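# Geometric and topological summary
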Amino acid sequence: MNWQRPSGRAVPVIAEGLGKKYRRGWALRECSVEIPDNRIVALVGPNGAGKSTFMGLITGMLAPTAGQISVFGDRPQGNGLHPAVSYLSQAKPLYKDFTVAETLKLGAKTNPTWDQKYAEYLVEQAQVPMKAKVGTLSGGQRTRVALALALGRKPRLLLLDEPLADLDPLAREVVLRTLVTEARNQGITVLLSSHVLAELENVCDHLLLLGNGEVQVAGDVAELLSKHVVLTGPVNAPVPVPQQKIIGMTVDEHRRRLLVPVELAHVGQPWAPSAPRLGELALAYMRRSALEKAA
Amino acid sequence: MIWVSYRQQRTQLITLLAILVLGAAAVLLLRSSMVGDLARLGLENCHGASPAGLAECSKKIDEFQKSWYDTIKLGMLGLLLLPVLIGMFIGAPLFAREFEQGTHVLATSQSVSRVRWALSKILVGLLPALAVLLILQKLVSWWALTAGEFGPLDGGPYSTFIFGSANIAPLTYTLFAFCLGMFVGALARRVLVGMTVTLGVFVALRAFLGSLQDRLLPTERIASPVEVGFQTPKGALNVGMGGYLDASGQAVPYEQSSKITQQCFAEGVKDTYACLRDHGLTGTYADAIPVSQAGTMHLIEGSIFLVLTALLVAGTILVLRRQS
């Protein structure tokens, strides 16, 4: 396998036929994807789709059952995280009896690439007092400190497993904004997992959609959107495209909305084509994979 | 990484320091008070006292022992307990607490290999504990030595309190208990499980190896004329019941000797010893592991604990390195 791209910079993540089986069955199967450089990737899927498993495989905390995975050209080992990768798990673990300053000192002492000024800047920006014990912070503040710890080691790939799950809407917005700003400024690839795409819709430029432990959709958002179209028409009008071509369908009182491949955009009256929204597209694929599972 | 481990175990380290200061102060104060008693009673003249002074001395010794014998033993008991306490309160939470609170992910999310992370935690937890233990051991044994044969040391090197608090025993017990707690804690990912299993396994293994003691080393047979009766050197570890010897120095089987003794110790026998000799029981014997072998005994028991400790360390590293 050729991990190195002609450009010379190693690709953050390449998975080939990647699979992970637990006692209860396959959590991830036949996963062949590439996460390109310098993107903000939304890793989306319903609960149990394999998002956390995929992240665990990237960190090396989990060992693949099948296939292979490479992170910046290296195979993840159980012996520690790749130096260019930062990982923030769902629980955002921090030592509760450490102060914020001590938490940053932990980062400084355990990371050769640590940037203390940058980490302090991130904490100050979040207006978290340095002397406060981590255990006394609010959920939003804790997330900001955890983020400062993850970003302070200057990663090239940042893995965030449901980082917004326990935050109020205001804190969500602030955390996301910080994240996007820093990712853009520092040239970091960010992999954000969530089962709610809506909150990532405006920030991500790459989508990786998992369902039933398999990759349902993967690609740059702009490209994905350009390959699909939404047809809107009256509820009582006959459906103008073959059933198997329909990716998703929503119906309200007056109108029916069909998500179909862009080739089918011009089916004529009364169906009007329009560009799909990312959330709509992802939801359609998620529904379809849920239906497949049920079938 | 050392700083992180130190910061995490600060509470335990402060507790250890407190134990050291309080323990050392207690031993120093008690010992100096004991030295005063020794001088006041004039016990220095009672070492191997002449029969004339014996009665006088035994009264003094009684008085001395009433206040100091059990006090010194209490100090030794502290040394017996310290290893398992270190195992339970420093060893068991070492990794189990991280797993319980999910913070092992934090530690392994930095640029430190899991093995280095583990080793720094082990060193920061273990070395101060060992230092405190060894200092306290030195102090308690110095105290016991000052009392000498008037104190608990008269029981000989194999008595439970002496053996467990002397030589390399506290060191090897502590290494074992610490690594046991660390391994079980890492495996079960529960502090409480680690603590409970450490307590149970440690006590059981100590008792088991203690019961094996008389089989670990060859015994020495001490023969005496039948009139003198069973005698073993002071402080030696008696093994078996002992028995009778015939004229050629051979041990007489118990079934045979017991018939004779029943006969000779029966009422109405004028001269028991003559009776025994007439029936061929000319001597008695006792088997014992001599005092001089105590060091070897410590080495053997210590090696068993060290081998188990090495296995536990290897097991812990395996558990921590495991990808799930």
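For the structure itself, look to the data block above.
Residues numbered from 1 in each chain as written. Chains lettered and ligands numbered in written order. Predicted model: local features only at pLDDT ≥ 70, side-chain atom pairs only at ≥ 80, totals over all residues. Heavy atoms only, no water.

### Structural notes on the packing of helix α3 (residues 116–125) of chain A against helix α4 (residues 139–152) of chain A
Residues and elements named next belong to chain A. The contact between α3 and α4 brings their axes to 9 Å, and the two run at 160 degrees. Judged by the inter-axis angle, α3 sits roughly antiparallel to α4. Considering only the axes of α3 and α4, their crossing is right-handed. Contact residues: α3 offers Y118, A119, L122, V123 and Q125, while α4 offers R144, A148, L151 and G152. Here the contact of α3 with α4 is built from residues that sort into six nonpolar, two polar and one charged. (Axes fitted to C-alpha atoms, helices over the stretch in contact; angles between N-to-C directions. Helix = DSSP H or I, 4+ residues; strand = E, 2+ residues; numbered from the N terminus. Parallel < 35°, antiparallel > 145°, perpendicular 65-115°, else oblique. Left-handed = near helix turned anticlockwise from the far one by under 90°. Contact = heavy atoms within 4.5 Å. Nonpolar A, V, L, I, M, F, W, Y, C, P; charged D, E, K, R; others polar.)

### Quick look at the side chain of T309 of chain B
Residue and element names in this part refer to chain B. Within the element layout of this structure, T309 appears in helix α11 (residues 294–321). At 3.5 Å, the side chain of T309 forms a polar contact with the backbone nitrogen of F176. Non-local contacts of T309, meaning those with residues more than four positions away in its chain, are made with L175, F176 and C179. (Polar contact = N/O pair within 3.5 Å; in protein donor to acceptor, adjacent residues only side chain to side chain.)

### Re the packing of aromatic side chains
Inspection of every chain in the model, using the stated rule, returns nine aromatic pairs over all chains. Judged by centre distance (6.4 Å) and plane angle (75 degrees), the rings of F64 of chain B and F150 of chain B are edge-to-face. Residue F64 of chain B is found in helix α3 (residues 51–101), and its partner F150 of chain B is found in the loop between α5 (114–147) and α6 (160–165); the two are separated by 86 residues along the sequence. A relative accessible area of 1% means that F64 of chain B is categorised as buried. Residue placement shows R7 of chain B over the ring face of F98 of chain A; its charged tip is 4.7 Å from the ring centre. Against the face of W142 of chain B rests R31 of chain B, its NZ or CZ located 3.8 Å from the ring centre. (Phe/Tyr/Trp six-rings, centres within 6.5 Å; stacked < 30°, edge-to-face > 60°. Buried < 20%, exposed > 50% of the residue type's maximum accessible area, 1.4 Å probe, protein only. Lys NZ or Arg CZ within 6 Å of the ring centre and 35° of its normal.)

### Quick look at the pattern of salt bridges
Inspection of every chain in the model, using the stated rule, returns 16 salt bridges over all chains. Residue D115 of chain A is joined to K154 of chain A by a salt bridge in which the shortest nitrogen-to-oxygen separation is 3.8 Å. Pair noted here: D115 of chain A is in the loop between α2 (100–110) and α3 and K154 of chain A is in the loop between α4 and β6 (157–161), with a separation of 39 residues, a long-range link. The salt bridge involving K227 of chain A is made with E223 of chain A; its shortest N-O contact spans 3.3 Å. Beyond isolated ion pairs, a larger network of salt bridges with shared partners links D97 and E102 of chain A together with R7 and R10 of chain B. (Salt bridge = Lys/Arg side-chain N within 4 Å of Asp/Glu carboxyl O.)

### Remarks on the packing of α5 of chain B against helix α7 (residues 169–188) of chain B
Residue and element names in this part refer to chain B. Between α5 and α7, whose axes approach to 10 Å, the crossing angle comes to 150 degrees. Compared by their axis directions, α5 and α7 come out roughly antiparallel. Here α5 runs over α7; the crossing is right-handed. Contact residues: α5 offers I122, G125, L126, L130, L133, L134 and Q137, while α7 offers P170, L171, T174, L175, F178 and M182. Looking at the contact of α5 with α7 residue by residue, the classes come out as ten nonpolar, three polar and no charged.

### Quick look at the interface of chain B and chain A
Each side of the interface is counted separately: chain B has 23 residues, and chain A has 29 residues. Roughly 2500 Å² is buried in total at the junction of chain B and chain A, and carbon and sulfur atoms are behind 54% of that figure. The interface formed by chain B and chain A includes three salt bridges. Between R10 of chain B and E102 of chain A there is a salt bridge, and its shortest N-O distance comes to 4.0 Å. When contributions to the side of chain B that touches chain A are tallied by element, the ones reaching two or more residues are α1 (2–8), α4 (104–108) and α5 of chain B. Split by residue class, the side of chain B that touches chain A holds eight nonpolar, ten polar and five charged. (Buried area = accessible area lost by both parts, 1.4 Å probe.)

### Quick notes on a nonpolar patch on the surface
Residues and elements named next belong to chain B. A surface patch of nonpolar side chains, about 450 Å² in accessible area, is lined by L74, L77, L81, L85 and F89. Tracing the sequence through the fold places L81 in helix α3. On the basis of relative accessible area, L81 is assigned to the partly exposed category, the value being 42%. (Patch = residues over 30% accessible without salt bridge, like charges linked within 9 Å, V, L, I, M, F, W, Y side chains within 5 Å. Areas by Shrake-Rupley, 256 points an atom, 1.4 Å probe, with all protein chains shown as cover.)

### Observations concerning the pairing of strand β11 (residues 248–251) of chain A
All names here are of chain A. Bridge count between β11 and strand β12 (residues 255–261): four bridges; the pairing is antiparallel. Its bridge partner being in β12, M249 is matched across the sheet by L258. In this antiparallel pair of consecutive strands, β11 and β12, the connection spans three residues. (Pairing = 2+ DSSP bridges.)

### Points about the sheet that holds strand β2 (residues 25–35) of chain A
All names here are of chain A. Spatially, β2-β1-β4 is the arrangement adopted by the three strands of the open sheet, whose pairing is antiparallel. At either end of the open sheet lies a strand with only one pairing partner, and these are β2 and β4 (66–71). Along the sheet, successive strands turn relative to each other by an average axial angle of 25 degrees, direction set aside. Where strand β1 (residues 13–22) and β2 come together, seven bridges link them in antiparallel fashion. Looking at the pairing, V13 lines up with I35 of β2. Seen against the sheet, helix α1 (residues 51–59) touches β1, β2 and β4 and runs at an angle of roughly 115 degrees to β1.

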